[in-house]
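Residue-level structural notes
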Amino acid sequence: MNRAGGFFYHLRARAAGARWQPFRDALGEWLRGAFVNAPTSLVLVGPSAAYCLEDAFLSRFQSITVFEPDPVARFLLGRRVRRLGVRRLELVHADHLVEPLSSGGRGLDAVLDERPDDAVLFSNVLGQVRFLLPEERLDKWQRGWTERIVPRLRGRTWASFHDRVSASVAPELTMPYRAPARVSDPDLGPLFYANASGRVELLDHLTAGLFPRDLPYAYLHWALGPGAHHLVEAVGERGRAAK
């Protein structure tokens with residue numbers, strides 16, 4: 001029932017119809033490039049029911065481990081993945097991303113240590129952490145992320161797409177918009193909202209500093225609903241197994 005997803009997100013997804021399709025198509029194109037020659041085992045973090053992921057992307061994996069606390073999402077995604085013929089599916093309800101990194105408990109880093117060859121996808125989840133923790137714990141979570149997760153992504157195939165900012169107006173871009181490095185905060189307005197009438201209020205989803213700035217980034221527009229538009233940021237690296 002929180003702003004990061006859950007019940008109301010499922011209702012919104014069911015009502016979205018064709019509105020989400022341009023985002024799905026652009027995201028699918030970007031993911032195909034990000035996971036070229038990737039391992040056949042995937043750790044999928046926070047996807048809800050994976051409404052924005054194409055069947056073709058999910059079915060390329062022989063094994064998928066899903067970390068998703070929402071029971072409705074787990075049921076819907078599990079049914080879909082099994083229908084696609086994925087050989088091994090593990091659905092994990094326990095939180096390995098938010099609470100452990102903000103409190104020092106066992107978290108996703110331990111899972112990645114146990115599965116050094118798996119690809120990893122953070123599926124539109126990192127931009128939602130700000131809604132799940134108070135400000136003082138968000139700082140601790142970000143430190144935990146930097147110290148415990150980022151080092152364990154090196155050398156493997158990984159990707160994340162996450163909300164960068166959201167607004168009541170749509171950004172203007174051809175999707176996926178590719179940039180050689182992360183677009184800075186001062187450049188977001190002139191680059192994506194220059195033709196908007198009046199002053200645009202951008203809600204920052206506080207994802208700065210989660211990944212190196214000098215990697216190639218991509219940007220996409222997700223028309224979440226009437227008057228709700230997200231600028232989604234995507235970034236990743238191909239690991240040794242992908243070369």
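See the structure above.
Every chain is numbered independently, its residues counted from 1 as its sequence is written. Residues qualify for local features only when their pLDDT is at least 70, as the model is predicted, and side-chain atom pairs are given and counted only at 80 or more; totals for whole chains, interfaces and linings, by contrast, use all residues. With hydrogens and water stripped out, all remaining heavy atoms of the structure feed into the side-chain values.

Strands are runs of DSSP state E lasting at least 2 residues, helices are runs of H or I lasting at least 4, and numbering of each runs from the N terminus. Structurally, the position occupied by D163 is in strand β5 (residues 158-167). Polar contact criterion, stated in full: a pair of N or O atoms within 3.5 Å, where within protein one must be able to donate a hydrogen and the other to accept it, and residues adjacent in sequence count only if both atoms are side-chain atoms. Of the polar contacts made by the side chain of D163, one reaches the side chain of Q128; its length is 2.5 Å. For D163, the side chain forms a polar contact with the side chain of H230, separated by 3.0 Å. Note on definitions: a residue-residue contact is assigned when non-hydrogen atoms from the two residues lie within 4.5 Å. Apart from the residues lying within four places of it in its own chain, the contact partners of D163 are N124, G127, Q128, H205, T207, W222, H230, L231 and V232.

Our focus in this paragraph is the side chain of R80. By secondary structure assignment, the location of R80 is in helix α4 (residues 71-83). Relative accessibility under 20% of the residue-type maximum defines a buried residue, over 50% an exposed one, and the middle range a partly exposed one, all with a 1.4 Å probe and only protein chains included. Residue classification places R80 among the buried residues on the basis of a relative accessible area of 16%. A polar contact of 2.7 Å, which involves the side chain of R80, links it to the backbone oxygen of A50. Apart from residues lying up to four places away in sequence, R80 is in contact with A49, A50, Y51, L53, E54, D55 and L58.

Here the focus is the pairing of strand β3 (residues 88-92). One face of the sheet, then the other: side chains in a regular strand alternate in exactly this way. Paired strands, in this sense, are two strands between which DSSP finds at least two bridges. Pairing of strand β2 (residues 63-67) with β3 involves five bridges; the strand directions are parallel. Its bridge partner being in β3, I64 is matched across the sheet by L89.

Expected span, for any helix, means 1.5 Å times one less than how many residues it has. The end-to-end C-alpha distance of helix α7 (residues 135-153) is 26 Å, a good match for the 27 Å that 19 residues give at a rise of 1.5 Å each. Restricting attention to buried positions, one finds in α7 the residues L138, W141, G144, W145, R148, I149, V150 and L153. In the segment just after α7, G155 is the residue with positive phi, at about 85°.

With respect to burial, β5 is a largely interior element, ten of its ten residues being buried. Of the pairings in the sheet, the one linking strand β4 (residues 119-123) to β5 comprises four bridges and is parallel in character. Counterpart to L121 in the pairing with β5 is A159. As for the winding sense of the linkage, the β-α-β connection from β4 through α7 to β5 is right-handed. Across nine bridges, the pairing between β5 and strand β9 (residues 228-237) is antiparallel. Across the sheet, W158 pairs through a bridge with E237, a residue of β9. Across two bridges, β5 lies against strand β7 (residues 203-204) in antiparallel orientation. Pairing of S166 across the sheet is with L203, part of β7. Look down the strands so they point away from you; if going from the first strand over the helix to the second traces a clockwise path, that crossover is right-handed.

On to empty space enclosed by the protein. Whether a set of points on the 1 Å grid over the protein atoms alone is a cavity depends on a 1.4 Å probe fitting there but being unable to get out, while an open set qualifies as a pocket with protein on both sides within 12 Å along at least five of seven lines; lining residues are those with an atom within 4 Å of a point. Grid points are joined across faces, edges and corners, and a volume is the space filled by probe spheres set on the points. The tally for this structure, following the rule as stated, stands at one cavity of 30 Å³ or more. What the largest cavity holds in volume is close to 30 Å³. Looking at the largest cavity, the residues that line it are H162, R182, T207, A208, G209, L210, F211, Y217 and E233. In terms of residue class, the lining of the largest cavity is built from four nonpolar, three polar and two charged. Amino acid classes used here: Ala, Val, Leu, Ile, Met, Phe, Trp, Tyr, Cys and Pro are nonpolar; Asp, Glu, Lys and Arg are charged; the rest, including Gly, are polar.

There is about 220 Å³ of room inside the second largest pocket. Every residue lining the second largest pocket is listed: W30, G33, A34, R178, A179, P216, Y217, A218, V235, G236, E237 and R238. Of the residues belonging to the lining of the second largest pocket, the class tally is seven nonpolar, two polar and three charged.

Moving on, we get to α4. Each α-helix winds once per 3.6 residues, and so residues spaced three or four apart point in a common direction. In this model, α4 (13 residues) spans 18 Å end to end at C-alpha, consistent with the 18 Å of a helix rising 1.5 Å per residue. A73, R74, L77, G78, R80 and V81 are the residues of α4 that are buried. A side-chain oxygen of the first residue of α4 lies 3.0 Å from the backbone nitrogen of V72; this N-cap is D70. Note on α4: the residue one or two positions beyond its end, G85, has a positive phi of about 85°.

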